[in-house]
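Tertiary structure, described
Chain residues, written in single-letter form:
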Amino acid sequence: MLHSRTFLLCLAVWLLLWSVPAVVVAQDPERRTELVYGVNAYIGGRYEGDFYPRSVDTIYLVADAISVVSPRYTEVYYWPITNREVADWARLNEPVEGVLEIRRRGRLVAGLEATDYVVQYPEGLDLSPAVVYLGEEAHRQWNHFDESRREFRDRVSAYYNDLVTYRQDLDDRIEAGTLEGEPDPPPREPEPFLYSSTEVNRGFPVELPAGSYTVQVRTADGEVQPGSRRRLKVFEPLSAGVAMWAIPHDRYTFPEKSDDEGEVLYLRRGTLAYLQPHAQEEYRDIHLTRLMDPQDTSGRPDLYQWLQTDEIQDGVLVVTQGTRVVDRIERRSYAVRQITGAALGYEIHDQATTDLERLRERRPDFQGYPVDTRALPTSFRVHLEDADGQLVPGSRRRVRVVRPDSEPWLAIVPYVPVVLALVFTGSRRRRFVRLPRDQE
């Protein structure tokens, strides 16, 4: 009996030790070297980077805009957690040399040479459209960005040195009793550095009209690089419109968005909302989905998507009720001040009227058209007029002003059925009371 237990214990230990290396090996996915296409694709004023593994045979690009295509060798592996193929750029990232040929119906459309490029957002990722620079200009703009970044670091360093000196001088004056009246204002903090830029990269800039193409890399010896042939779908927007954002004053971080003129914007009574019109473009669902994620196969050719691009910065918001113009609202700039302490939150200040100089002179946090629901009817319409007084197509919206959810009388509603049931029960008891036995 003892020998059998010892044998079973040894067998269990041996199986455990034998299985551990297998588990460890299973965590390292199998990699394979592939020719893939890295694409920095233009989409709605921005650039989105992704890669096309060999399993994805069609590249999607927006028409009449520069996108950068870069064929490269890398190691690719399948990651089951996300159900997608992943490129291991850290292990291998080798550019494919040659000429990028673009053909349509077998005819050569373009033969592109690789060039250096950089993508920049001069006013910040969320405040300005992207700009792409090619060749020598890419290096000049990168140097300008790098110099601007160093200057900003110097300004920040000087600010903190001045702040230390200011506080020390203030403490000395308080201790010596020589402080009279209000102290001088502290040094002003530098404006945030919003200028954004990629590093200088290398690729083939592609700018084509809408249509179906094929791409391939032809090497210096005149041969087509194996694995480089892909289909190329270049598509354009089907229509353009205006998306209207409504930013409630008390819920600044949760704007309501309306993409279509047939939709209704709902605003709460007694609040101030800031409307922001954004230009938008309509695309076929399959095109936009594949552009944003080449491995996503959920896009459908019979559905459509709106893609918001730039905020519309010119014009006047016109408020109407029927045929009557109720108000004409100018676009204004606002600064958001965070509230510190136990009561976390924020305050929104109109920069043209605020008493706080530091908020008045800084870069605005957002801009919009203020709509005061306290001064407007419960139902009205808005639309945007351009500088020439013409209606901006797609900007019409219906607006409904609703009561707040916290109306006091709403608290009584749940108890009404209970009260009615008690009253009804009491009345039945009074009508059907039994007589004493001696009176029956």
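Model, not experiment: these values are computed from the prediction.

An order of S3-S14-S13-S7-S8 is seen for the five strands of this open sheet, with the pairing classed as mixed. Two strands lie at the open edges of the sheet, namely strand S3 (58–62) and strand S8 (107–112), each paired on one side alone. Sheet twist, expressed as the mean angle between neighbouring strand axes with direction ignored, is 30°. In this sheet, strand S13 (residues 211–218) lies alongside strand S7 (residues 99–104) in antiparallel orientation, the contact comprising five bridges. Looking at S13, one finds that arginine 103 is bridged to threonine 214. Together, S3 and strand S14 (230–235) form the strand contacts of helix H3 (residues 285–292), whose direction differs from that of S3 by roughly 105°.

For the protein, mean pLDDT is 86; residues scoring 70 or higher make up 85% of the total. Contacts for the low-pLDDT stretch residues 22–26, under 50 throughout, to residues beyond four places or in other chains number zero contacts.

Right, let's get into unusual backbone geometry. Positive phi is not limited to glycine here, since aspartate 64 has a value of about 60°. Along the chain, aspartate 64 falls in the loop between S3 and strand S4 (67–79). Of note, arginine 105 is a non-glycine position whose phi angle comes to about 55°, a positive value. If you trace the backbone, arginine 105 turns up in the loop between S7 and S8.

The next point concerns the sheet that holds strand S26 (residues 397–402). Spatially, S17-S26-S25-S20-S21 is the arrangement adopted by the five strands of the open sheet, whose pairing is mixed. In the strand order of this sheet, the two ends are held by strand S17 (264–268) and strand S21 (324–329), each with one partner. Strand-to-strand twist across the sheet, computed as the mean angle between neighbouring axes with direction ignored, equals 30°. Bridge count between strand S25 (residues 379–385) and S26: four bridges; the pairing is antiparallel. Bridge assignment links phenylalanine 380 to a residue of S26, and that residue is valine 399.

Cut-offs and rules
All residue numbers refer to position in the chain's written sequence, counted from 1. Given that this is a predicted model, residues contribute local features only at a pLDDT of at least 70 and side-chain atom pairs are listed and counted only at 80 or more, while totals for whole chains, interfaces and linings are drawn from all residues. As a rule here, side-chain values cover all heavy atoms of the structure and leave hydrogens and water aside. We call two strands paired when DSSP finds no fewer than two bridges between them. Counting from the N terminus, the helices are DSSP H or I runs at least four residues long and the strands are E runs at least two residues long. Helix axes use the C-alpha atoms of the stretch in contact, all axes being lines fitted to C-alpha atoms, and the angles between their N-to-C directions lie in the range 0 to 180 degrees. By definition, residues are in contact when any of their heavy atoms lie within 4.5 Å. On a scale of 0 to 100, pLDDT captures the predictor's confidence in every residue.

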